[in-house]
Amino acid sequence: MRIPLQVRDFAGGLRAMASFLIQSEKPHLFGSIESIVDTGSPTTILGISDIKRMRVSQLQLREIESRKEPHAYGGGKLKTKILRGAKLKFGEYFDCIMDVEIPVQEITELNTQPTIIGVDFMEKNKLKLIFDPAKKEAYFESSDNNY
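The rules behind these values
- Residues numbered from 1 in each chain as written.
- Predicted model: local features only at pLDDT ≥ 70, side-chain atom pairs only at ≥ 80, totals over all residues.
- Heavy atoms only, no water.
- Core = buried A, V, L, I, M, F, W, Y, C linked by side-chain atoms within 4.5 Å.
- Buried < 20%, exposed > 50% of the residue type's maximum accessible area, 1.4 Å probe, protein only.
- Helix = DSSP H or I, 4+ residues; strand = E, 2+ residues; numbered from the N terminus.
- Contact = heavy atoms within 4.5 Å.
- pLDDT = per-residue confidence, 0-100.
- Salt bridge = Lys/Arg side-chain N within 4 Å of Asp/Glu carboxyl O.
- Phe/Tyr/Trp six-rings, centres within 6.5 Å; stacked < 30°, edge-to-face > 60°.

With respect to the nonpolar core
Side chains that are nonpolar tend, in soluble globular proteins, to be buried together.
Right, so step 1: Counting residues in each nonpolar core, the largest one holds 30 residues, and the members touching the most others are Ile22, Leu88, Phe90, Phe121 and Phe140.
Right, so step 2: Every element with two or more residues in this core is listed here: strand S1 (2–10), strand S2 (13–24), strand S3 (29–37), strand S5 (76–90), strand S6 (94–103), helix H3 (119–124) and strand S9 (137–142).
Right, so step 3: By residue number, the principal contributor to this core is S6, which donates five residues.
Right, so step 4: Setting aside residues no more than four positions away along its own chain, Leu88 makes contact with Phe20, Leu21, Ile22, Phe94, Asp95, Cys96, Met98, Val100 and Phe121.

Now the structure itself:
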């Protein structure tokens, strides 16, 4: 199984980008996300701009039952909570349920850091990243023969 990705110029270089839908019941959120596949990030983190676009309020973020954890993100530090059991859907190719980090700092801050798909996504779903920037081709491929 292959999940196609886009290869685009972002922040001064070519990046593998993934488009997906995210859905959660508590807090209630639903929206389309364009993310960067980042093999240097151990965790999947929703970008503050995506959270604002989905109109997730500070009250909703307080409802998330998780400790605040500091993460390195975009050259700085960010406090996140764990959004448990979020559904990620990659077109008609693939969907999964997984925990996602969600920033809990003031979402009114000017922050343009994108959503990051981290190594945790690939590890949990037994996917490997194939990235050929010369051909502008990228995709996730199942590393498990059970698909």
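And the narrative resumes.
With respect to the confidence of the model for the protein chain
Atomic detail in the predicted coordinates should be set aside for any region of low pLDDT.
Right, so step 1: With 82% of its residues at a pLDDT of 70 or more, the protein chain has an overall mean of 84.
Right, so step 2: No element of the protein chain has a lower mean pLDDT than strand S4 (residues 69–73), which averages 63, and none a higher one than strand S8 (residues 127–132), which averages 96.

Quick look at the pattern of salt bridges
Think of it this way: side chains of opposite charge can pair up when their charged atoms draw near.
Right, so step 1: One pass over the full model with this rule turns up five salt bridges.
Right, so step 2: Two residues, Lys128 and Glu141, come together in a salt bridge whose shortest N-O distance is 3.7 Å. Within this pair, whereas Lys128 is found in strand S8, its partner Glu141 is found in strand S9, the two being separated by 13 residues in sequence.
Right, so step 3: Under the relative-accessibility criterion, Lys128 is labelled partly exposed at 39%.
Right, so step 4: Members of the salt-bridge network, linked through shared partners, are Arg2, Lys128 and Glu141.

Digging into the environment of Lys126
Right, so step 1: Along the chain, the position of Lys126 falls in the loop between H3 and S8.
Right, so step 2: Measuring from C-alpha to C-alpha, the distance between Lys126 and Phe140 comes to 9.6 Å, with 14 residues separating the pair along the chain.

Some remarks on the packing of aromatic side chains
Right, so step 1: What the rule picks out here adds up to five aromatic pairs.
Right, so step 2: Seen from their ring centres, Phe90 and Phe121 are 5.2 Å apart, and the 40° between their planes marks the pair as tilted. Here Phe90 is found in strand S5, whereas its partner Phe121 is found in helix H3, with 31 residues between them in sequence.
Right, so step 3: Given the relative accessible area of 0%, Phe121 is considered buried.
Right, so step 4: Between the aromatic rings of Phe94 and Phe121, the centroid separation amounts to 6.3 Å while the plane-to-plane angle is 85°, which identifies the pairing as edge-to-face. Within this pair, whereas Phe94 is found in strand S6, its partner Phe121 is found in helix H3, the two being separated by 27 residues in sequence. A single burial state applies to Phe94 and to Phe121, both of which are buried.

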